[in-house]
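Fold and geometry: a report
The primary structure of each chain is shown beneath.
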Amino acid sequence: MNPSTALRTGARLLWERSASVLPVYLLASGLYGAARAPLVVAGVAAVWLLAAGGRLDPFIDRLRAAEGGSAGSAATGTGNGTLPPELADAVAGVLTPGVVLVVAGGVLASAALAVIASAVGNAAAVGGLFGLLRGDDGVRAAVAGVRRHWRPFVGVRLLVVAAVAAALTPLVGLVAAVIGVTAGAGGLAGTRALGVVAAVLGGLVTLLAVPVVLVLVAFADQAVVVDDVGAVAGVTRSARLPLRRPIAVLGYVAVATGAVLVSVVVGGLAATAGAPRTAALVSAVLVPPVVDGFKTALYAETPLPPAPDGGPQPVGRRIRAAFGGGLRSVAGFVGNHPLANLAAFGCFAAGGAAGWLATATIGADLPVGGDVGGVFGAVPVGTFVNLATNNWLVAVDLAYSGVAAGVPAVVTLVFNGLLVGAVGGVFDPVAFLALVAPHGVIEIPALVVGGAAGLSLGGVGVGAIRGRYDDRDVAGAIKRTYRVLLGLVVLFVVAAFIEAFLTPAVAGAVLGG
């Protein structure tokens, strides 16, 4: 198969089999929410330790003093670019051994889970795509791919890290040598010039070596799945591919470069339009399926078979079926899973109560100043798109990260409730309600439903580990979660429209801003 045919196959996989491809990639994206959970827990635990030890209030007071000192230095022009003593004291006061240990543990746990999440997500993605190329059900093939290949995928990632570290060795070695020579020579001008030349050479070697390594291991995941081999064999077969099929590898380099450029351009345009979260949606859910489908079809030399139902329906019909059916799925999920929804609401409410109790005792009912009615500008289209996209991605994380026994969904629900409650505790109650209630009556229940979907999926995941559910059951749960998320798109679009276009006007009328 030539690269152009493989690229068309990748695009067709996303366009013609979106109902089988998108759930898998949303699952892969949501798994990183599970990796972030230990870091969130560690952050909250660190704040609790500081508060329990009586160090949080002095830290805040020192920060305020540092801000005042910085403002005074800026006004008089006496700042010298060094850290103010008050701020240094504030930082030193919170870096207790317990806090450092908790945060370090959270970072390490998140890093380890990120590796596992990457392995599981990619095993699902490549397994699902290869299943579609063979004419199988894509989501069920993804679940089978995780069960069979997640361990080799972890091995591939560890081997890639080792290979990249080896490629960085010339630069690290030269820099270390230069530092040693310079220190021994007393910093002579000639030695410093030699050090600069050596560092530049080391940088050039590394600049060439790292991309070469990444190209050599680019098809390791595909080799593991398509050839059903282990991590070492997958990396080895990928490294041999440039010798066996140089045109295919050159095609991959061109497509990968184009994908990076597309992501950069979309990110720039989205940021300019005030909707940067749109770039995250494109780079996480839309570009990877095409690139991975291209790589899988190219390596396996397998075209996409015709769709069993005769091809995709017209766009309008597909949109109506997706989002209309999604709304019905949301209603059905709420009615059929009352305990999951009540539990999700309880987690959010508990976090909100804790956040409010933590900040309401401060006794500072902060007013809302400025032109509240014009907070988003005259035509806040970018804000509207950004809010809808961000909230939906949060719901995706809530739903699909929940596959890890529901724990990440609980953490995220409690944390979001904590943030809302903490803000409500420091603002004037009327102002808070005016700014949150108009869109919050839709947005918050939608987030709760997303969290409930995560709790439900977590129950299926636990059942699968215990042998109560098979691949078909897990695949069905993943598809049901996807349909619920499609329905939540509509709710978040309505909530974002209200927040961007109506909430500022309502708040302005209530508060007189």
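Each remark here, short or long, concerns the structure printed above.
As the structure is a computational prediction, the values presented were derived from the model and not from experiment.

Remarks on helix α11 (residues 277–300)
Here α11 spans 34 Å end to end across 24 residues, near enough to the 34 Å set by a 1.5 Å rise per residue. Backbone geometry just downstream of α11 places E301 in the positive-phi region, at approximately 50°.

Description of the environment of L327
Counting through the fold element by element, L327 comes out in helix α12 (residues 315–336). On the basis of relative accessible area, L327 is assigned to the partly exposed category, the value being 35%. Considering only alpha carbons, one finds L327 and L486, 159 residues apart in sequence, at a separation of 7.4 Å. If we skip the residues at most four places from it in the chain, L327 touches G487, V490 and L491.

Things to note about unusual backbone geometry
The phi dihedral of D228 is positive, around 55°, even though this residue is not glycine. Along the chain, D228 turns up in the loop between α8 (220–226) and α9 (231–244). Among the residues examined, D228 registers a relative accessible area of 41% and is labelled partly exposed. The residue A405 is not glycine, and still its phi comes out positive at about 60°. With respect to the helices, strands and loops of the structure, A405 is situated in the loop between α14 (381–401) and α15 (407–426).

Here's the deal with α9
With 14 residues, α9 should reach 20 Å at 1.5 Å per residue; the first-to-last C-alpha distance of 20 Å fits that figure. If you check which residues of α9 are buried, you get A231, G234, V235, S238 and L241.

Regarding the environment of A46
If you trace the backbone, A46 turns up in helix α2 (residues 18–52). Measuring from C-alpha to C-alpha, the distance between A46 and T96 comes to 9.7 Å, with 50 residues separating the pair along the chain. Look past the residues within four positions of A46 in its chain and what remains in contact with it is V99, V102 and V103.

Observations regarding a nonpolar patch on the surface
Together, V381, V385, V430, F497, F501, L502, V506, V510 and L511 line one region of the surface with nonpolar side chains, adding up to about 670 Å² of accessible area. For the nonpolar patch, the elements supplying multiple residues, two or more each, are α14 and α17 (471–511). At six residues, the largest contribution of residues to the nonpolar patch is made by α17. Locating V510 in the fold gives a position in helix α17.

Cut-off values and rules
Residue positions within a chain follow its written sequence, with the count starting from 1. Where totals are concerned, whole chains, interfaces and linings use all residues; where local detail is concerned, this predicted model gives features only for residues with pLDDT of at least 70, and gives and counts side-chain atom pairs only at 80 or more. To obtain the side-chain values, all non-hydrogen atoms of the structure were included, while hydrogens and water were left out. To qualify as a helix, a DSSP run of H or I must reach at least 4 residues; to qualify as a strand, a run of E must reach at least 2; elements of each kind are numbered from the N terminus. To estimate how far a helix should extend, the number of its residues minus one is multiplied by 1.5 Å. Each residue is assigned to one of three classes by its accessible area relative to the maximum for its type, calculated with a 1.4 Å probe on protein chains only: buried under 20%, partly exposed between the two thresholds, exposed over 50%. Note on contacts: a residue pair is in contact if any heavy atoms of the two residues lie within 4.5 Å. The patch calculation keeps residues exceeding 30% relative accessible area without a salt bridge and links them within 9 Å when they carry like charges or within 5 Å when they are nonpolar (Val, Leu, Ile, Met, Phe, Trp, Tyr). The Shrake-Rupley method, run with a 1.4 Å probe sphere, supplies the accessible areas, and residue values consider only the shown protein chains as cover. The rule for a salt bridge is simple: a side-chain nitrogen of Lys or Arg has to be within 4 Å of a carboxyl oxygen of Asp or Glu.

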